[in-house]
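# Inside the fold
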Amino acid sequence: MAGASVGIEELYEMIRVTGLIKEYRTDQGAVKALRGISLDIEKGEFCVLLGPSGCGKTTTLRCVAGLEQPDSGEIIIEDTVMNSPQRKIYVPPEDRGIGMIFQSYGIWPHLDVFHNISLPLEHGKKILPRSEIRDRVAEALDLVRLKGLEGRRATDLSGGQQQRVALARSFACKPKVLLMDEPLSNLDAKLREEMRSEIKQITSSVGITVLYVTHDQSEALVMGDVVAVMRGGMILQRGSPEEIYSRPESLEVAEFLGEMSFIQGRKVGGGLRGPHLVETRLGNFMSDSAREVSVGENVVLGIRPEDIQLCGEKPQANNAVAASIVHRQFLGNATMYELNSSGIRISARATIRPASTYSSDGTIFAVLDMSCLHLFRCVESRE
Amino acid sequence: MKTDPSSRREGRTPLFVLLLTLALVLGPILTALWFSFHTGLPGFPSPYTLKNYVDILGSSKVYGVFLNTLGLGVGTMITVMLFAVPLAWLLARTDLPAKSLWLTVLSVEILIPGFLKAFAWILLLNPRTGIINVVLMGLLGLERAPINIYTLPAISFIQGLSLTPPAVFMIVTAFRAMDISLEESARVHGMRYGAIARRITLPLMMPALVAALLYYFVTAIETFEIPAILGLPSRIFVVTTLIYESTQPDAGLPNYGGASSIGILLSAFSTAGLYFYFRTLRRANQYAVITGKGYRAREITLGKWKWVGMAFALCYLLPALVLPFLTLVWASLFRYLQAPSLKALPLASLDAYTKIWDAAGPTVLMNTALLMAITATLVMSLSVLISWVVIRSSFRWKKTLDMAAFLPHAVPSVVFALALAIFALTLRLPIYGTIFILIFGNTIKYLGWGTRSVNSTMIQIHKELEEAGQVHGMVRLQVLRRVILPLIGPSVVNGWMWIALLALREVTMALMLYSTNNVVISTQIWSLWRADTAQAAAIGVVLVIVVAVVWFLARKFLESRLVHPF
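Parameters and conventions
- Residues numbered from 1 in each chain as written.
- Chains lettered and ligands numbered in written order.
- Predicted model: local features only at pLDDT ≥ 70, side-chain atom pairs only at ≥ 80, totals over all residues.
- Heavy atoms only, no water.
- Helix = DSSP H or I, 4+ residues; strand = E, 2+ residues; numbered from the N terminus.
- Rg over C-alpha atoms; globule rule 2.2 N^0.38 Å.
- Buried < 20%, exposed > 50% of the residue type's maximum accessible area, 1.4 Å probe, protein only.
- Contact = heavy atoms within 4.5 Å.
- Areas by Shrake-Rupley, 256 points an atom, 1.4 Å probe, with all protein chains shown as cover.
- Lys, Arg positive; Asp, Glu negative; His and termini not counted.
- Charge placed at Lys NZ, Arg CZ, Asp CG, Glu CD.
- Core = buried A, V, L, I, M, F, W, Y, C linked by side-chain atoms within 4.5 Å.
- Buried area = accessible area lost by both parts, 1.4 Å probe.
- Salt bridge = Lys/Arg side-chain N within 4 Å of Asp/Glu carboxyl O.
- Polar contact = N/O pair within 3.5 Å; in protein donor to acceptor, adjacent residues only side chain to side chain.
- Nonpolar A, V, L, I, M, F, W, Y, C, P; charged D, E, K, R; others polar.
- Phe/Tyr/Trp six-rings, centres within 6.5 Å; stacked < 30°, edge-to-face > 60°.
- Pairing = 2+ DSSP bridges.
- Arc of directions from axis to C-beta.
- Axes fitted to C-alpha atoms, helices over the stretch in contact; angles between N-to-C directions.

### Thoughts on the overall build of chain B
Along its length, chain B carries 25 helices and 0 strands. For 566 residues, the compact-globule estimate of 2.2 N^0.38 gives 24 Å, and the C-alpha radius of gyration of chain B, at 25 Å, lies within 12% of that figure. Considering only C-alpha atoms, chain B reaches an extent of 85 × 75 × 50 Å along its principal axes. Per-residue burial for chain B yields a buried fraction of 54% across its 566 residues. A fraction of 77% describes how many contacts in chain B between residues 6 or more apart in sequence connect residues 24 or more apart.

Structure representation (structure tokens):
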């Protein structure tokens with residue numbers, strides 16, 4: 001594997017996207033698909049664009065590929081300006097030196113595996129000698145563990161194999177960056193997990209820069225070195241998977257990634273950068289959040305199910321709240337509780353064994369871990 | 001007691017539908033097959049004989065006719081492809097301006113009778129007085145007319161022009177079914193436009209194009225009106241016109257047996273053609289991968305090539321529609337045809353239009369209205385029943401039913417009309433010579449069209465909508481009436497309108513089964529043409545305008561109500 005990555009240091013570079021704006025004209029009027037996307041991806045980085053459908057992630061990817069053009073903004077791949085409407089620069093996709101995996105794979109059904117990989121090499125900018133094309137195809141097939149399937153017709157391949165051929169085709173072109181548009185969404189659950197780790201492993205062994213689009217949060221957390229959460233044509237937060245999960249910057253990011261219960265309140269004491277004392281309908285809570293909030297501001301507290309501790313008797317600790325059990329779900333390695341405290345719903349996840357013994361009629365107490373109690377500013381509108 | 005639950009709920013309806021369809025479709029065809037082994041007139045006893053087939057094999061005239069037919073098929077096919085493939089590409093894949101206008105014009109054009117265009121082209125290009133010929137002779141100082149419309153290449157060209165619109169729609173569908181990411185993945189990996197077209201788009205489109213070629217070859221050798229109008233004056237026969245000539249000879253007795261045997265051979269040939277068409281189509285469908293994402297195919301920006309595209313579309317539309325229509329309008333204004341000039345204008349009169357009511361006559365209009373309304377109603381009712389059995393039921397013979405309904409599509413109109421005539425004469429049915437034999441013929445002929453259209457709508461309605469009705473206790477026929485019909489209603493109305501308009505333009509069967517009692521507008525125009533060109537042209541002009549207006553109104557009314565996939 002290491003042999004395949006010789007000379008990669010000079011080959012692969014970064015992607016820089018600044019201020020992409022794009023509108024679509026539809027029958028209902030103009031729809032803003034992108035409202036100013038800026039994104040830097042470092043050399044060799046695996047960057048995931050994560051968001052619900054219609055958030056603009058695919059449009060962003062297709063702009064980077066050159067299959068769409070933004071109304072304004074700039075796209076740079078490895079020091080070359082690929083697209084800049086203001087400067088009237090547009091490099092077509094075939095000249096960008098990229099690889100791309102499509103959601104439907106884009107495997108040509110009238111060709112066999114070999115020609116699916118070799119065709120771009122035969123008809124690209126540079127004319128490669130036959131022997132080199134053969135070598136490159138063999139090398140690429142080796143990389144995706146499909147050696148020996150050169151003669152197989154594309155229509156006889158399984159979904160997972162088509163996926164691998166699509167990967168091999170991109171690698172054979174020796175692209176600077178690899179773009180992937182929800183490549184796993186057409187596979188069944190088991191195969192998806194398998195390909196997830198395989199794609200991650202192959203791309204990091206080759207050391208290629210990847211821009212990957214998905215709506216699946218676990219895919220994003222597992223695969224990405226960097227995750228950018230998108231919504232409504234904007235990037236809400238960009239960071240490592242750990243950062244995004246444990247320090248969401250906004251309510252929307254917190255809602256989209258994992259589960260979180262929310263309690264509205266008002267800051268009544270504490271320092272600007274915490275710890276904050278927050279008054280709510282359920283009593284006062286202390287939060288260690290590093291967000292800057294001044295006293296008197298309306299805030300929303302958020303807590304993930306795994307950061308709640310349950311106990312049967314009233315504990316001495318801070319941040320405890322009495323609640324009744326609405327619903328209990330046994331998951332095998334844990335138990336999920338849906339709690340109700342003065343009309344506010346709280347989800348808690350208990351992993352210690354005696355937890356499953358809480359009955360659903362009595363009152364129990366939830367302790368919200370102060371260091372994991374998130375604090376968000378109340379936002380009136382989402383602009 | 002053991003009964004299959006679904007068959008119990010469906011009852012005997014599917015079996016009844018199958019038997020009815022088989023009787024309607026096979027009755028006439030089998031009668032014609034039977035009669036091809038007889039001589040004399042239908043309805044009179046005659047011994048079995050192979051004479052008709054022996055005659056065909058021994059006749060050098062028939063041999064020549066077969067060659068002509070082949071020539072017409074190939075010529076038409078080439079013309080169709082020459083226009084339809086670029087037009088379909090422009091409409092499906094590029095940002096050609098005014099696309100919806102082009103599409104509208106093309107669909108209206110399907111409804112304009114081919115015989116009207118053929119008549120117009122005679123006025124434009126006949127060797128003695130054809131307007132274009134006269135103008136060209138004047139301009140170039142020629143002694144003789146440069147172009148003769150009464151030749152096989154000219155017939156092929158005119159027929160090709162009139163078959164282009166449906167071909168465009170067929171190929172547009174194929175272009176749209178192609179997964180756009182197949183081309184995009186070539187682009188992002190560095191392939192150039194030329195290479196993509198050669199190595200990806202063309203091979204992927206090939207099966208669909210070959211299928212379209214086959215389909216229009218078969219259609220071309222089956223059609224009658226244009227080769228009849230342009231071929232008979234110079235005695236250029238193709239198979240369909242030969243059949244017509246045998247049953248309605250200028251002198252002597254009609255030769256129904258001979259006509260049947262040729263008709264049977266032609267039908268066998270076109271059925272084989274359609275079989276290969278379906279096989280190729282299946283290949284084409286294998287390539288049409290339906291993708292997960294509804295990403296609209298990015299249109300190719302034509303830029304300054306836009307004008308080339310527009311010019312090409314006009315190059316088709318001028319000879320196919322604009323020129324023939326203007327010629328008809330011009331011809332309708334003069335008792336004796338004048339070359340178009342300002343000098344001729346004072347002679348123009350609207351006489352033909354003021355006399356249109358007398359010329360068409362109440363009987364003809366009544367006949368036409370009956371033909372359109374009853375045919376369309378019968379076809380759509382039968383089609384809904386058949387499609388419902390074919391798409392939804394667990395009926396064992398549903399494949400047979402589907403094929404039976406499509407079979408009339410494979411039998412040329414001329415042959416089917418002939419079969420119907422023999423059928424009616426042999427059984428001495430009282431409908432012979434009345435409007436009802438035309439209704440009967442048209443109904444069966446358009447059954448293939450009707451079931452195709454209802455099938456495609458019915459398939460879009462999720463089976464669960466129906467099952468939801470069933471599990472909550474509704475009987476299957478109730479489900480059809482209360483759940484499915486309301487959902488497919490607008491499409492059925494749309495189909496009804498199309499069939500009514502197609503029956504209006506139908507002339508082949510109307511001529512084959514012609515009697516003084518069952519004259520309809522199309523045959524009226526046909527017989528008026530020689531006697532009173534202006535009058536025939538005036539009726540034609542009104543017909544075209546009425547068809548276009550009806551089409552537009554129906555479109556406006558139905559557009560938002562047509563079924564969308566659930």
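### Structural notes on the overall build of chain A
When helices and strands are tallied, chain A shows 9 helices and 21 strands. Each of the three principal axes of chain A carries a C-alpha extent, and together these read 80 × 50 × 45 Å. Relative to its 383 residues, chain A shows a buried fraction of 51%. Sequence-distant contacts in chain A: of pairs separated by 6 or more residues, those separated by 24 or more amount to 66%. With the model as given, the accessible surface of chain A reaches about 17300 Å², and the carbon-plus-sulfur share is 47%. Charged side chains in chain A number 44 positive and 50 negative. The centres of these two groups are separated by 2 Å.

### Some thoughts on the nonpolar core
Residue and element names in this part refer to chain B. In terms of nonpolar packing, the biggest core is built from 132 residues, with Leu230, Ile243, Ile525 and Trp526 touching the most fellow members. Top element by residues in this core is helix H17 (residues 362-392). It accounts for 13 residues. Excluding anything up to four places from it in sequence, Ile525 contacts Phe115, Leu116, Phe119, Ala536, Ile539, Gly540 and Leu543. The next biggest cluster of nonpolar side chains, apart from the first, holds 51 residues, and it includes Met81, Ala84, Ala313 and Leu317.

### Overview of the interface of chain A and chain B
One frequently used descriptor of interface size is the decrease in accessible area upon assembly of the parts. Residue-level contacts link 37 residues of chain A with 24 residues of chain B. Between chain A and chain B the total buried area reaches about 2700 Å² when both faces are included, carbon and sulfur atoms providing 56% of it. Contact with chain B buries area across many residues of chain A, yet Glu94(A), His110(A) and His123(A) alone supply 25% of it, more than any other trio. Joining chain A to chain B, the criterion identifies 4 salt bridges. Here Glu184(B) ties to Arg62(A) by a salt bridge, and the two come within 2.6 Å at their closest N and O atoms. At the surface where chain A touches chain B, the tally comes to 12 residue pairs in polar contact (both at pLDDT 80 or more). Only helix H2 (57-65), strand E7 (98-101), helix H3 (113-122) and helix H5 (159-172) of chain A provide two or more residues apiece to the side of chain A that touches chain B. Partitioning the side of chain A that touches chain B into residue classes produces 15 nonpolar, 12 polar and 10 charged.

### Focus on the environment of Lys398(B)
Residues and elements named next belong to chain B. You can see Lys398 is positioned in helix H18 (residues 398-410). Taking relative accessible area as the criterion, Lys398 reaches 25% and is therefore assigned partly exposed. Taking the C-alpha atoms as reference points, Lys398 and Leu302, separated by 96 residues in sequence, lie 47 Å from one another. Residue contacts for Lys398: discarding those within four places in its chain leaves Val389, Val390 and Ser393.

### Let's talk about the pattern of salt bridges
When their charged atoms lie close together, side chains carrying opposite charge are able to pair. The final tally for this structure, using the stated rule, is 27 salt bridges over all chains. Where Arg62(A) meets Glu68(A), a salt bridge forms, and the shortest distance between an N and an O atom there is 3.1 Å. For the pair Arg62(A) and Glu68(A), a shared accessibility class is recorded, and that class is buried. Linking Arg452(B) and Asp402(B) is a salt bridge whose minimum nitrogen-to-oxygen distance equals 3.1 Å. With Arg452(B) in helix H20 (residues 435-458) and Asp402(B) in helix H18, the pair connects residues that are 50 residues apart, well separated along the chain. For Arg452(B), a relative accessible area of 29% gives the class partly exposed. Each of Arg62(A), Glu68(A) and Glu184(B) takes part in one network of salt bridges that share partners.

### Comments concerning the packing of aromatic side chains
Residue and element names in this part refer to chain B. Across all of its chains, the model carries 22 aromatic pairs over all chains by this definition. Relative to Phe406, the ring of Phe278 lies with its centre 5.3 Å away and its plane at 70°, an arrangement referred to as edge-to-face. Of this pair, Phe278 sits in helix H13 (residues 256-287) while Phe406 sits in helix H18, and the two are 128 residues apart along the sequence. Taking relative accessible area as the criterion, Phe278 reaches 34% and is therefore assigned partly exposed. Residue classification places Phe406 among the buried residues on the basis of a relative accessible area of 11%. Both rings, one in Trp330 and one in Phe334, keep their centres 4.7 Å apart while their planes meet at 50°; by these two values the pair is tilted.

### Focus: the pairing of strand E14 (residues 283-287) of chain A
Bridge analysis of strand E13 (residues 276-280) of chain A against E14(A) gives 5 bridges, and the strand direction is antiparallel. Note that in E14(A) the partner of His276(A) across the bridge is Ser287(A).

### Regarding helix H3 (residues 51-58) of chain B
All names here are of chain B. Looking at H3, one finds that the buried residues are Asn52, Tyr53 and Ile56. In an axial view of H3, the angular spread of the buried residues amounts to 95°, which keeps them on one side of the axis. More than 90 degrees from the buried face of H3, the exposed residues found are Val54 and Gly58.

### Here's the deal with the sheet that holds strand E15 (residues 298-303) of chain A
Residues and elements named next belong to chain A. Across the sheet, which stays open at both edges, the 5 strands sit in the order E14-E13-E12-E15-E21 with antiparallel pairing between neighbours. Among the strands making up the open sheet, the edge pair consists of E14 and strand E21 (374-377). Strand-to-strand twist across the sheet, computed as the mean angle between neighbouring axes with direction ignored, equals 40°. Pairing analysis gives 5 bridges linking strand E12 (residues 261-270) to E13, with the strands arranged antiparallel. Opposite Lys267, over in E13, you have Val278 as the bridge partner.

### Overview of the side chain of Ser261(B)
Tracing the chain through its elements places Ser261(B) in helix H13. Residue class for Ser261(B) comes out buried when judged on its relative accessible area of 0%.

### Description of the sheet that holds E7(A)
Residue and element names in this part refer to chain A. The mixed open sheet is built from 6 strands, whose spatial order is E7-E8-E9-E3-E10-E11. Only two strands of the sheet have a single partner each, and these edge strands are E7 and strand E11 (234-239). Going across the sheet, the axis of each strand differs from the next one's by a mean of 15°, ignoring polarity. Relative to strand E9 (residues 209-214), strand E8 (residues 177-181) runs parallel, the two sharing 5 bridges. Following the sheet pairing, Leu178 is matched in E9 by Val210. Where H5 meets the sheet, its contacts fall on E7 and E8, and the angle it forms with E7 comes to roughly 175°.

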